[in-house]
Amino acid sequence: FSGKDYNKSEFRLAPAGRNFHSAILKLRPDINCVFHIHPLSSVAVSATRDGLLPLDQNSAMLYGRVSYHDYEGLADEADEGPRIVEHLGNNQHMIMWNHGVLTVGRTVAEAMAIFDAVRARTVAFVVSLLTAFLLFQLITRTRLGKTLRAGTNCGSCLPEIRKLLANVTAAA
């Protein structure tokens, strides 16, 4: 990929995208399709501390098959392309920390199928995180409600709330 744009559309590939797309196509001859996008669920996962965790059977099957690349700002420096290829390794999907995702394949169909499978896992991950957060909120509100209904001072529920917060903070 020499960087020549054969697209006759009014839409153009951004220079930052051209940079690492070119590097991947040049340095990974087994790859014929590269796409980099920013779906909401994948961006959310890219902003978490640990990335895509094996929270269910399907995401567990991806364990070790998703690469990660540190956010370096706009990928407009020529030397970032080879680093992305290095971090991608032999995998076909990469989460770019605090940014988005990159998927590669031998064909467009293969890359799309891989992306769709991983995207579905990021949606499940975000829903799991939201569910855990909502359950935490529900538990806290339930305990507060019991305390208030019992007519006791609200201060008596604070130790339990602090304990819950300490457990969540320790887990984070």
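Check the entry above for the structure.
Values in this document were obtained by computation on a predicted structure and should not be read as measured data.

Rules of the game
Residues numbered from 1 in each chain as written. Predicted model: local features only at pLDDT ≥ 70, side-chain atom pairs only at ≥ 80, totals over all residues. Heavy atoms only, no water. Buried < 20%, exposed > 50% of the residue type's maximum accessible area, 1.4 Å probe, protein only. Helix = DSSP H or I, 4+ residues; strand = E, 2+ residues; numbered from the N terminus. Pairing = 2+ DSSP bridges. Phe/Tyr/Trp six-rings, centres within 6.5 Å; stacked < 30°, edge-to-face > 60°.

### Quick word on the pairing of strand β1 (residues 33-37)
Right, so step 1: The element β1 is extensively covered by neighbouring structure, given that four of its five residues are classed as buried.
Right, so step 2: Bridging between β1 and strand β4 (residues 100-105) involves five bridges; their strand directions are antiparallel. Bridge pairing in β4 places Cys33 opposite Gly105.

### What to know about the packing of aromatic side chains
How two aromatic rings sit relative to each other is given by the distance of their centres and the angle of their planes.
Right, so step 1: Summed over the entire model, instances satisfying the criterion amount to two aromatic pairs.
Right, so step 2: Ring geometry for Phe35 versus Phe115: centroids 5.7 Å apart, planes at 75 degrees, classification edge-to-face. Here Phe115 lies in helix α5 (residues 108-149) and Phe35 lies in strand β1, a separation of 80 residues in the sequence. The exposure classification of Phe35 matches that of Phe115, with both residues buried.
Right, so step 3: Seen in terms of ring centroids, Tyr68 and Trp97 are 4.7 Å apart; in terms of plane orientation they differ by 20 degrees. Their pairing is stacked. Of this pair, Tyr68 sits in strand β2 (residues 66-69) while Trp97 sits in the loop between β3 (93-96) and β4, and the two are 29 residues apart along the sequence.

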